[in-house]
Amino acid sequence: MILVTGATGLVGRRLISLLRADGAAVRALSRRPETANLPPGVQVVAGEPASAAALDGVAAVYLFSAARTAHGFAAAAARAGVKRVVVVSGLDDDPERVERPLTDAGLEWTHLRPNAYAANALRHWGDMIRHQGTVRAPYPDAATAPIHEADLAAVAALALKGGHAGRRHALTGPQSLTFREQVAILARALDREIAFIEETPGQARERLARHGVPAAVIDELLTLWAATDGVPATVSPTVERLTGLPARSFAQWAGEHADDFR
C-alpha cells in the first residue's frame, strides 16, 4: 500500500494514475474525500499524514510539503511500519530539517526538490489573465526552469518503487525562462495578447496581501524573485536521466492547460 498526500493536486492525481497503472494499491489523503474524484480502487481517507487512518498498513509514502510535517510524521510512520518515504519540498527549505527526522526514525527516504512548478503560472497569474488579459509582477527577468507536474509525478513513482534511498533529486524543466518569457509562451498558447505590467516590489506586496497571501510567504517570494532577477536558472538533466524521456517543456504545459486560463 502506498499513501499519497496532496492527492487531489496536479502532481498527486498524476502520481496516483501512474501507480494504479502499475498495479499498486493506493491510499489517497484528501481534506474532502467525498469530492476527491480519484480513479476506481483508490482508498480515500481524510485526516493528517501522521494519523493512524492514513498510515495503517502502508509501506511507502509520497509526502508533499514535507518541511512543515516531517517531525511529527516521521515518528508516526516508523511506529506504523512504513519503510520508504519520498518527500517533496521547496528549494528554500533546509534539507536537514526535512531529512533528519526521517533518518532518526529509521525510514528510507528520497528527497525531490523541484526548482519551480509550471503550474505556478496558473496559481499566480490565472485570474489576471482570465479577467484582465494582463500579468502584473515584479522582476520580469526573474528566471526559473519550471517543471511539468507529469515529470515530477513520474520521478516520484520511480522513487516509491525503491532504489533511490538517501538521494536528493534536483528537478527542473528543460529550459530557463524569465517571467516575461513565460507570459509570452502563454500568450501564444492562448492565441491572444497578454500585457506584462512590471510592478515595484511594494506594489506586488500590496496586491498579494489583498489576496490573502501571508506576509511571511510574500517575503519569501519577493526575496526569491529578487535573487533570480537576471540570473538564468540551472537546468537539471535528472528527469531525462531517471525516466528515459526528455523533460516536458513549459510550452507543452501551456498548451495542455490553455483552457484553465480562459
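Refer to the structure presented above.
Our subject in this report is the structure included herewith. (Residues numbered from 1 in each chain as written. Predicted model: local features only at pLDDT ≥ 70, side-chain atom pairs only at ≥ 80, totals over all residues. Heavy atoms only, no water.)

As for the packing of aromatic side chains
Here's step 1: Per the stated rule, a full pass over the model turns up 4 aromatic pairs.
Here's step 2: Plain terms: the ring middles of phenylalanine 250 and tryptophan 253 are 5.6 Å apart, the flat faces sit at 20° to each other, and that makes the pair stacked. Here phenylalanine 250 pairs with tryptophan 253, and both are found in helix H11 (residues 250–256), just 3 residues apart, close to one helical turn. For the pair phenylalanine 250 and tryptophan 253, a shared accessibility class is recorded, and that class is buried.
Here's step 3: Ring geometry for tryptophan 253 and phenylalanine 261: centres 6.0 Å apart, planes at 80°, overall edge-to-face. Each member of the pair, tryptophan 253 as well as phenylalanine 261, carries the same accessibility label: buried.
Here's step 4: Taken together, the ring pairs connect Trp125, Phe179 and Trp225 into an aromatic cluster.
Here's step 5: The ring of phenylalanine 196 carries arginine 180 above its face, with NZ or CZ at 5.1 Å from the centroid. (Phe/Tyr/Trp six-rings, centres within 6.5 Å; stacked < 30°, edge-to-face > 60°. Helix = DSSP H or I, 4+ residues; strand = E, 2+ residues; numbered from the N terminus. Buried < 20%, exposed > 50% of the residue type's maximum accessible area, 1.4 Å probe, protein only. Lys NZ or Arg CZ within 6 Å of the ring centre and 35° of its normal.)

Considering the packing of helix H1 (residues 10–21) against helix H6 (residues 149–161)
Here's step 1: Two elements in contact, H1 and H6, have axes whose closest approach is 8 Å; the angle formed by their N-to-C orientations is 50°. It follows that H1 is oblique to H6 by the angle criterion. Pair H1 / H6 crosses with right-handed handedness. Between H1 and H6, the contacting residues are Leu10, Val11, Arg14, Leu15, Leu18 and Leu19 on the first element and Glu149, Ala150, Leu152, Ala153, Ala154, Ala156, Ala157 and Leu160 on the second. (Axes fitted to C-alpha atoms, helices over the stretch in contact; angles between N-to-C directions. Parallel < 35°, antiparallel > 145°, perpendicular 65-115°, else oblique. Left-handed = near helix turned anticlockwise from the far one by under 90°. Contact = heavy atoms within 4.5 Å.)

Structural notes on the side chain of threonine 134
Here's step 1: Along the chain, threonine 134 turns up in strand E7 (residues 134–137).
Here's step 2: Its relative accessible area of 12% is what places threonine 134 among the buried residues.
Here's step 3: In contact with threonine 134, other than residues within four places in its own chain, are Met128, Ile129, Ile194, Ala195 and Ile197.

A look at a negative patch on the surface
Here's step 1: Together, Asp141, Glu181, Glu198 and Asp229 make up a region of like negative charge exposed at the surface.
Here's step 2: Position of aspartate 141 relative to the elements: it lies in the loop between E7 and strand E8 (143–144). (Patch = residues over 30% accessible without salt bridge, like charges linked within 9 Å, V, L, I, M, F, W, Y side chains within 5 Å. Areas by Shrake-Rupley, 256 points an atom, 1.4 Å probe, with all protein chains shown as cover. Salt bridge = Lys/Arg side-chain N within 4 Å of Asp/Glu carboxyl O. Lys, Arg positive; Asp, Glu negative; His and termini not counted. Charge placed at Lys NZ, Arg CZ, Asp CG, Glu CD.)

Quick word on the sheet that holds strand E5 (residues 84–88)
Here's step 1: Spatial ordering of the open sheet is given by E3-E2-E1-E4-E5-E6-E9, a layout of 7 strands whose pairing is parallel. Strands at the two margins of the open sheet, each flanked by one partner only, are strand E3 (43–45) and strand E9 (167–171). Sheet twist, expressed as the mean angle between neighbouring strand axes with direction ignored, is 15°.
Here's step 2: Contacting E5, strand E6 (108–114) and E9, helix H4 (residues 95–104) crosses the sheet at an angle of about 165° to E6.
Here's step 3: Packed onto the sheet, H6 meets strand E1 (2–4), strand E4 (60–63), E5, E6 and E9 and runs at close to 160° relative to E5. (Pairing = 2+ DSSP bridges.)

Observations regarding the side chain of threonine 172
Here's step 1: Locating threonine 172 in the fold gives a position in the loop between E9 and strand E10 (177–178).
Here's step 2: We classify threonine 172 as buried; its relative accessible area is 5%.
Here's step 3: Within polar-contact distance, the side chain of threonine 172 engages the backbone nitrogen of serine 236 at 2.9 Å.
Here's step 4: In contact with threonine 172, not counting residues within four places along its chain, are Asn115, Ala145, Ile147, Thr234, Val235, Ser236, Val239 and Ala247. (Polar contact = N/O pair within 3.5 Å; in protein donor to acceptor, adjacent residues only side chain to side chain.)

Observations concerning the pattern of salt bridges
Here's step 1: Scanning the entire structure with this criterion turns up 10 salt bridges.
Here's step 2: One salt bridge in this structure joins glutamate 108 and arginine 84, with 2.8 Å as the shortest N-O distance. Taken together, the residues span a long stretch of sequence, with glutamate 108 in strand E6 and arginine 84 in strand E5 at a distance of 24 residues.

What about unusual backbone geometry?
Glycine aside, a negative phi is what most residues show, and trans is what most peptide bonds show.
Here's step 1: Located in the positive-phi region is asparagine 37, a residue other than glycine, with phi close to 55°.
Here's step 2: As for its placement among the helices and strands, asparagine 37 is situated in the loop between strand E2 (26–29) and E3.
Here's step 3: When its relative accessible area of 69% is taken as the criterion, asparagine 37 is described as exposed.
Here's step 4: Notably, aspartate 191 is not glycine yet its phi reads approximately 55°, a positive angle.
Here's step 5: Mapped onto the elements of the fold, aspartate 191 is located in the loop between helix H7 (179–190) and strand E11 (195–198).
Here's step 6: The exposure class assigned to aspartate 191 is exposed, which follows from its relative accessible area of 72%.

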